[in-house]
Amino acid sequence: MSVSVPDSRTLRSGDVQAPRASVSVVIPTLNEAMNLPWVLRRMPGYVDEVVIVDGRSVDYTVEIARALRADVVVVAEPRAGKGTAVRAGLAACSGDIIVMLDADGSMDPQEIGWFISPLQHDFDFVKGSRYVTGGGSEDLTLLRDFGNRALTKLANVVLGSNYSDLCYGYIALRKECLDVLELESDGFEIETELIVRAARAGLRIAEVPSLELNRISGNSNLQTFRDGWRVLRTLARECSTWDAPTAGARPEALRRVKYTYPSVRFPRTPTDPQSVLAVPHEVGELHGQ
């Protein structure tokens, strides 16, 4: 499978030209001014729209986003919770394909092409996995690794699915799938809700490898036992109470795509926000790259 991300606005198939699918990226943020420059500078040129959902940051997060990308869409979300931010961001997207990633530098935007490719080949929903060939993690502790594997096995038994990684939020999907998924979660469990509902709705799902990096700076809001319980509770709720609008659809077999990323290391250090804000001409230069 090859990635098709040309710079032109069309893809040629024989003598017929079809519009290229537009790509939006949703990034929830909360005080990520030192991490966001690395993320935005790694954003591929074929991304049409970046939506920053800011949860009441008290640093320069929003200013940094606007300085590095003049056309960034900023959604101010006063309510707490990652799920709340993700849902607000998804609602604000205009792209045909939507990609979700974190602002802390743990998810490399340069991997976006691997997520987009299956969506251009008849899949509806693509999720990253740290456990398939080419994937991995610099951040998983033994306890979190054990918990994730156990929850993934349980989800596969209950759903009759074949996921390899349940608790990882690097996800891409076709925008039209949002009406089917009917998302409701407010916290970290939004990722589980997405994955469970995608399977129950019979969406065509693919997994692609992803390398989870360490946070560039700051502390994660993730709490192993609290959020593990939330995932378990969400799994039980979704399997017992949610009726997919596509009820009766046969879940498609999960397609596991094996890519191998080049083993190239690149510098990842916190960025002083003032070094970005002090260079006003950087806006046009970076966006034009």
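Residues numbered from 1 in each chain as written. Predicted model: local features only at pLDDT ≥ 70, side-chain atom pairs only at ≥ 80, totals over all residues. Heavy atoms only, no water.

Colleague: Sorry if this is basic, but what is going on with the pattern of salt bridges here?
Modeller: Oppositely charged side chains may form a pair once their charged atoms are brought near each other. Inspection of every chain in the model, using the stated rule, returns 17 salt bridges. When salt bridges that share partners are traced, they join Glu-32, Asp-104 and Arg-215 into one network. (Salt bridge = Lys/Arg side-chain N within 4 Å of Asp/Glu carboxyl O.)

Colleague: How should I be thinking about the environment of Ile-116 in this particular structure?
Modeller: Residue position: Ile-116 is located in helix α4 (residues 112–119). Its relative accessible area of 0% is what places Ile-116 among the buried residues. C-alpha separation for the pair Ile-116 and Ala-172, spaced 56 residues apart in sequence, amounts to 7.1 Å. (Helix = DSSP H or I, 4+ residues; strand = E, 2+ residues; numbered from the N terminus. Buried < 20%, exposed > 50% of the residue type's maximum accessible area, 1.4 Å probe, protein only.)

Colleague: In this structure, what is going on with unusual backbone geometry? I would like to understand it.
Modeller: In terms of backbone geometry, most residues other than glycine have negative phi values and most peptide bonds are trans. Look at Asn-31: it is not a glycine, yet its phi comes out positive at around 55 degrees. In this structure, Asn-31 sits in the loop between β3 (23–29) and α1 (36–41). Within the chain, Asp-122 stands out as a residue other than glycine whose phi angle is a positive 75 degrees. As for its placement among the helices and strands, Asp-122 is situated in the loop between α4 and β7 (125–129). According to the relative accessible area criterion, Asp-122 is exposed, its value standing at 56%.

Colleague: I'm lost on helix α2 (residues 61–68) in this one. Help?
Modeller: Spacing of three or four residues puts side chains on the same side of an α-helix, whose turn is 3.6 residues. Of all 8 residues making up α2, 6 are buried, and the element is well covered by its neighbours. Among the residues of α2, Thr-61, Val-62, Ile-64, Ala-65, Ala-67 and Leu-68 are the ones counted as buried.

Colleague: I would appreciate a short explanation of the pairing of strand β4 (residues 49–54) in the present structure.
Modeller: A regular strand carries its side chains on alternate faces of the sheet. Where burial is concerned, most of β4 is hidden: 6 out of the 6 residues are buried. Taking every second residue as pointing to the same face, both faces of β4 are buried, with Glu-49, Val-51 and Val-53 on one and Val-50, Ile-52 and Asp-54 on the other. Where β3 lies against β4, 6 bridges are found, and the strand directions are parallel. Residue pairing for β4: Thr-29 is matched across the bridge by Asp-54. On the question of chirality, the crossover connecting β3 to the parallel β4 by way of α1 is right-handed. (Pairing = 2+ DSSP bridges. Right-handed = clockwise from strand over helix to strand, strands pointing away.)

Colleague: When you look at the pairing of strand β6 (residues 97–100) in this model, what are you seeing that I'm missing?
Modeller: Covered by surrounding structure in β6 are Ile-97 and Val-99 together with Ile-98 and Met-100, the residues of both alternating faces. Sheet topology places β3 next to β6; 4 bridges connect them, and they run parallel. Note on β6: the bridge partner recorded for Val-26 is Met-100. Inspection of the sheet shows β6 paired to strand β9 (residues 171–174) by 4 bridges, in the antiparallel sense. By the bridge assignment for β9, Val-99 is matched with Ala-172.

Colleague: Any chance you could explain the side chain of Arg-197 here in plain terms?
Modeller: Within the secondary structure layout, Arg-197 lies in helix α7 (residues 190–200). Residue classification places Arg-197 among the buried positions, given a relative accessible area of 1%. Among the polar contacts listed, one links the side chain of Arg-197 to the backbone oxygen of Leu-181, at a separation of 2.9 Å. Polar side-chain contacts of Arg-197 include one of 2.5 Å to the side chain of Glu-184. (Polar contact = N/O pair within 3.5 Å; in protein donor to acceptor, adjacent residues only side chain to side chain.)

Colleague: Is there a simple way to think about the side chain of Asp-54 in this case?
Modeller: By the secondary structure assignment, Asp-54 is in strand β4. The buried charged residue Asp-54 lacks any salt bridge partner; its closest oppositely charged side chain belongs to Arg-56, at an N-O distance of 8.1 Å. In terms of polar contacts, Asp-54 uses its side chain to reach the side chain of Thr-29, at 2.9 Å. Of the polar contacts made by the side chain of Asp-54, one reaches the side chain of Ser-57; its length is 2.5 Å. Contact partners of Asp-54, with chain neighbours within four places excluded, come to Thr-29, Thr-61, Val-62, Val-75, Ala-76 and Glu-77. (Lys, Arg positive; Asp, Glu negative; His and termini not counted. Contact = heavy atoms within 4.5 Å.)

In short, the description is geometric, and any link to function would need to be established separately.
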